[in-house]
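In case you want the letters, here they are:
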Protein chains: 2
Amino acid sequence: MTQRNVAIAIQDSPFARKLAAFVRLSQSDLSVMSEIYQRRRRFSVGVDMIHQGQSGQSAFVLASGWACSYKILPGGTRQIVDFQIPGDFLGLRSVLFRTADHNVEPITPVQASEVTQHDLLDAFARTPRLATAVLWAASRDEAMVVEHLVDLGRRSAAERMAHFMLEMGARLRLVGIGDRTGYACPLSQYLLADALGLSAVHVNRVLRELRESGLLTFQKGRVVFDDHDALVELAGFDRAYLDHDGPLLI
Amino acid sequence: MTQRNVAIAIQDSPFARKLAAFVRLSQSDLSVMSEIYQRRRRFSVGVDMIHQGQSGQSAFVLASGWACSYKILPGGTRQIVDFQIPGDFLGLRSVLFRTADHNVEPITPVQASEVTQHDLLDAFARTPRLATAVLWAASRDEAMVVEHLVDLGRRSAAERMAHFMLEMGARLRLVGIGDRTGYACPLSQYLLADALGLSAVHVNRVLRELRESGLLTFQKGRVVFDDHDALVELAGFDRAYLDHDGPLLI
DNA sequence: GACCTCTGCTGATCCAGATCAGCCCGCACC
DNA sequence: GGTGCGGGCTGATCTGGATCAGCAGAGGTC
């Protein structure tokens, strides 16, 4: 494969597409990325990709499948911080902090490219634009976590659920999965509960309410927006934090 | 002032001290920083430093005083995402995303150094190590937001309060304010309520409970840890996410 | 075919924390 | 010296969501 071909291949990956929304990536940026992107690993459901408290962990770029990052509390309960979908960069903090402050676990079978601490620091030294791009991607993740914080702090259960479903819909559409009408969603009600800070029982009831009021249906692994506008209204959803207007770094 | 003197001055700032925990900063990194650090602006209480939805905003390095970053929901309630103390870098996302997705407001009179979009991108291009350091600082902020998310999702009101007070204590000690016994805290119970996702009434009751059970006293602008170990136990507080073990980038 | 586990679903009851209403104090301001 | 008003503080009441308990179907596995 020639250099040029490699660069074309990587350009089409969801990860590169996401970064390109922020910086115009040079040929050398792309080849550094594609080098990393080649090395694929597979993970099966339930096997931690990153383990809280352990050091020397790698980061990953998700190529296919869904994962979730979460924290376990003394007491056994857990809080899911976010779900990762194809194109997402995960475990950055576990590399920068040497020891991981959270877990990451696949929800479906996952394919991911491993990025070691050495890869990362090396890539930053060689291609500063890439470092800035990763900083941007990390900031976008932080914006999502902040939005989840608002969910838990100030939105009711139904608003939270609506907001979450809309956010996942928007994120998936950005990487070419799903459309305005809905998307395939491999999450169980238990996972939703741990993410939204609710009990599984209550998640079930909220989903029923949303279904019966004709807003949203989540059944058999598929989310359908029955009334997109009403959902946006209910959740106070403003997708500004997800997409930005063209590259900042030319 | 000679180059060397400037470098020495900036090295003692809380901001540089924080970054130095992660990367060994070179002479040129320091001089880029000190250039920015000279330009001080003052803000008084209640005047937004960063305004949600507006574009072309700057970031700031806090030199003195406390600020808070928050989001307003349609409906008027707000959620405080975090408080900023001296040495903190704030508004990074408002620069990287061109338009701000949150507000930042001083809680006490504030002195801060302005960092424009141009400053930031320029500094990154000139000193990649600094870019990595800022990435690290941003990740540390994200780790704090994640911990707040866990607070709201899975901790009871008393646990939340304990966790929050311990976290602020640890952060303040890192920049040389306060000690193991307690610290000066300019927050009102209303601010605490907006940060912890509680009502002000309930904040008051929780504070009384903690006081009466001999764990923590917050009165007249001062937080006193009456039983630090019991607080850590109650909150499940693990300060690993705040301090890391020596520079990663040599 | 018996058994287990996972997930979705439901009713009954309980409780942490919200909401409503109001008092008290210090202090800025005219 | 009245008059706001921003805090802190408190009692009474209400409620969203947790908890407890249990059923049903769909796989998986021996």
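This one's a predicted model, so the numbers in the text were calculated from it and none came from an experiment.

UniProt's feature table lists "domain: Cyclic nucleotide-binding" (unreviewed entry) at residues 21-97 of chain A, given in the numbering used throughout. Helix and strand shares over residues 21-97 of chain A are 22% and 32% respectively, and the end C-alpha atoms of the span are 27 Å apart.

What follows deals with the relation of the copies chain A and chain B. Note on the identical chains: chain A maps onto chain B by a rotation of 180 degrees and an axial translation of 0.0 Å, with an RMSD of 0.0 Å. Between the two chains, the operation in question is that of a two-fold axis.

Glancing now at the protein's contact with DNA strand D. Around DNA strand D, the structure places 15 residues, and the nearest of them are Leu198, Ser199 and His202 of chain A together with Gln189 and Arg208 of chain B. Atoms of DNA strand D within 4 Å of the protein belong to the sugar or the phosphate in 69% of instances, the rest to bases. Interatomic distance of 2.8 Å between a side-chain N/O atom of Ser199 of chain A and a phosphate oxygen of DNA strand D. Of all the secondary-structure elements, those providing two or more residues to the surface near DNA strand D are helix H9 (200-212) of chain A together with helix H9 (200-212) of chain B.

Look at the UniProt record and you will see "domain: HTH crp-type" (unreviewed entry) annotated at residues 155-229 of chain A. As annotated, residues 155-229 of chain A has a helix share of 55% and a strand share of 15%, and its two end C-alpha atoms lie 18 Å apart.

A few words now on the interface of chain A and chain B. Taken together, the contact pairs 52 residues of chain A with 52 residues of chain B. For the pair chain A and chain B, the two sides together bury roughly 4600 Å², of which 69% comes from carbon and sulfur. The interface formed by chain A and chain B includes six salt bridges. One salt bridge connects Asp194 of chain A with Arg154 of chain B, and the closest N-O pair in it is separated by 3.2 Å. Applying the counting criterion to the chain A and chain B interface returns 12 residue pairs in polar contact (both at pLDDT 80 or more). Elements with a minimum of two residues in the side of chain A that touches chain B: strand S4 (78-84), helix H4 (92-96), helix H5 (117-126), helix H6 (128-154) and helix H8 (189-196) of chain A.

With that settled, consider the protein's contact with DNA strand C. Surrounding DNA strand C, one finds 14 residues, the nearest of these being Gln189, Arg205 and Arg208 of chain A together with Leu198 and Ser199 of chain B. By atom count, sugar and phosphate contribute 67% of the portion of DNA strand C lying within 4 Å of the protein. Here a phosphate oxygen of DNA strand C and a backbone polar atom of Gly197 of chain B are 3.4 Å apart. Ser199 of chain B is positioned such that a nitrogen or oxygen atom in its side chain is 2.9 Å from a phosphate oxygen of DNA strand C. Elements represented by at least two residues in the surface near DNA strand C include exactly H9 of chain A together with H9 of chain B. Of the residues in the surface near DNA strand C, the class split is four nonpolar, seven polar and three charged.

With 12 residues, helix H3 (residues 27-38) of chain B should cover 16 Å at 1.5 Å per step; its first-to-last C-alpha distance of 16 Å lies within 8% of that length. Among the residues making up H3 of chain B, those that are buried are Asp29, Leu30, Ser31, Val32, Met33, Ser34, Ile36 and Tyr37 of chain B.

Residues and elements named next belong to chain A. Along its sequence, chain A is carved into domain 1 (3-140) and domain 2 (155-241). Computed from C-alpha coordinates alone, the two centres of domain 1 and domain 2 are separated by 25 Å. Tallying the contact residues gives 15 residues for domain 1 and 19 residues for domain 2. Buried surface at the junction of domain 1 and domain 2, both sides included, amounts to about 1400 Å², of which 64% is carbon and sulfur. Scanning the region where domain 1 abuts domain 2 turns up three salt bridges. Between Asp88 and Arg171 there is a salt bridge whose closest N-O contact spans 2.7 Å.

On to the state of the cysteines, then. Within the structure shown, the criterion is met by zero disulfides over all chains. You can see Cys68 of chain A has no disulfide; the closest cysteine sulfur is in Cys185 of chain A, sitting 12 Å from it.

A word on the side chain of Glu167 of chain A. Residue and element names in this part refer to chain A. For Glu167, the location among the structural elements is in helix H7 (residues 157-174). Taking the relative accessible area as the measure of exposure, Glu167 reaches 0% and is therefore buried. Among all residues touching Glu167, those that are not within four sequence positions of it are Asp82, Met144, Glu147, His148, Phe237, Tyr241 and Leu242.

Moving on to the sheet that holds S4 of chain A. Residue and element names in this part refer to chain A. Overall, antiparallel pairing links the three strands, which are arranged S4-S3-S6 in an open sheet. Two strands bound the open sheet, and with one partner strand each, they are S4 and strand S6 (103-106). Each neighbouring strand pair of the sheet contributes to a mean axis angle of 30 degrees, computed without reference to strand direction.

Although it is not a glycine, Arg98 of chain A adopts a positive phi angle of roughly 65 degrees. Relative to the helices and strands, Arg98 of chain A resides in the loop between H4 and S6.

Residues and elements named next belong to chain A. Evaluated as defined, the whole model comprises 31 salt bridges over all chains. A salt bridge links Asp82 to Arg171, with the nearest nitrogen and oxygen atoms 3.1 Å apart. Of this pair, Asp82 sits in strand S4 while Arg171 sits in helix H7, and the two are 89 residues apart along the sequence. Grouping residues by exposure puts Asp82 and Arg171 together as buried. Of the charged contacts, one joins Arg155 and Glu147 as a salt bridge, the two residues approaching to 2.8 Å between their closest N and O atoms. Residue Arg155 is classed as buried on the basis of its relative accessible area, which comes to 5%.

Further remarks concern the packing of helix H7 (residues 157-174) of chain B against H9 of chain B. Residues and elements named next belong to chain B. Where H7 meets H9, the closest approach of the two axes is 10 Å, and the angle between their N-to-C directions is 75 degrees. On the basis of the axis angle, H7 is roughly perpendicular to H9. Here H7 contributes Ala157, Ala158, Met161 and Met165 to the contact with H9, which in turn contributes His202, Val203, Val206, Leu207 and Leu210. In terms of residue class, the contact of H7 with H9 is built from eight nonpolar, one polar and no charged.

Another point: the environment of Leu198 of chain B. Along the polypeptide, Leu198 of chain B turns up in the loop between helix H8 (189-196) and H9. Spatially, the C-alpha atom of Leu198 of chain B lies 23 Å from that of Arg239 of chain B, the residues being 41 residues apart in sequence. In contact with Leu198 of chain B, not counting residues within four places along its chain, are Arg154 of chain A together with Ala157, Arg160, Ala193 and Val203 of chain B.

About the criteria used
The residue numbers shown here count from 1 along each chain, following its written sequence. Following the order in which they are written, the chains are lettered starting with A and the ligands numbered starting with 1. Given that this is a predicted model, residues contribute local features only at a pLDDT of at least 70 and side-chain atom pairs are listed and counted only at 80 or more, while totals for whole chains, interfaces and linings are drawn from all residues. Only heavy atoms go into the side-chain values, all of them from the structure, while hydrogens and water stay out. UniProt positions are given in the numbering used here, feature names are shortened, and annotations may be inferred rather than shown by experiment. Helix and strand definitions here come from DSSP, where helices need a minimum of 4 consecutive H or I residues and strands a minimum of 2 consecutive E residues; each element is numbered from the N-terminal end. Only residues with pLDDT of at least 70 in both copies count here: their C-alpha atoms drive the least-squares fit that superposes the copies. Residues are classed as near a molecule or strand on a simple rule: at least one heavy atom within 4 Å of it. By the criterion applied in these results, polar contacts are pairs of N or O atoms within 3.5 Å in which, for protein atoms, one can donate a hydrogen and the other can accept it, and in which residues neighboring in sequence qualify only through two side-chain atoms. In what follows, a contact means two residues having at least one pair of non-hydrogen atoms within 4.5 Å. Accessible surface is computed with a 1.4 Å probe, and the buried area is the amount of it that two parts give up when combined, taken over both parts together. Here, a salt bridge means any Lys or Arg side-chain nitrogen found within 4 Å of an Asp or Glu carboxyl oxygen. Ten residue types, Ala, Val, Leu, Ile, Met, Phe, Trp, Tyr, Cys and Pro, are classed as nonpolar, four, Asp, Glu, Lys and Arg, as charged, and the remainder, Gly among them, as polar. Under the convention used throughout, the expected extent of a helix is 1.5 Å for every residue step, that is, one less than its residue count. Type-normalised accessible area, obtained with a 1.4 Å probe on protein chains alone, sets the label of each residue: buried when under 20%, exposed when over 50%, and partly exposed for intermediate values. Each domain's limits were defined by an automated method or a database of domain assignments. By convention in this document, the label disulfide applies to cysteine sulfur atom pairs within 2.5 Å. One bridge is not enough; two strands pair if DSSP finds at least two bridges between them. Only the contacting stretch of a helix is used when fitting its axis, a line to C-alpha atoms as for every element, and angles between N-to-C directions run 0 to 180 degrees. Orientation categories follow fixed angle ranges, with anything under 35 degrees roughly parallel, anything over 145 roughly antiparallel, 65 to 115 roughly perpendicular, and all other angles oblique.

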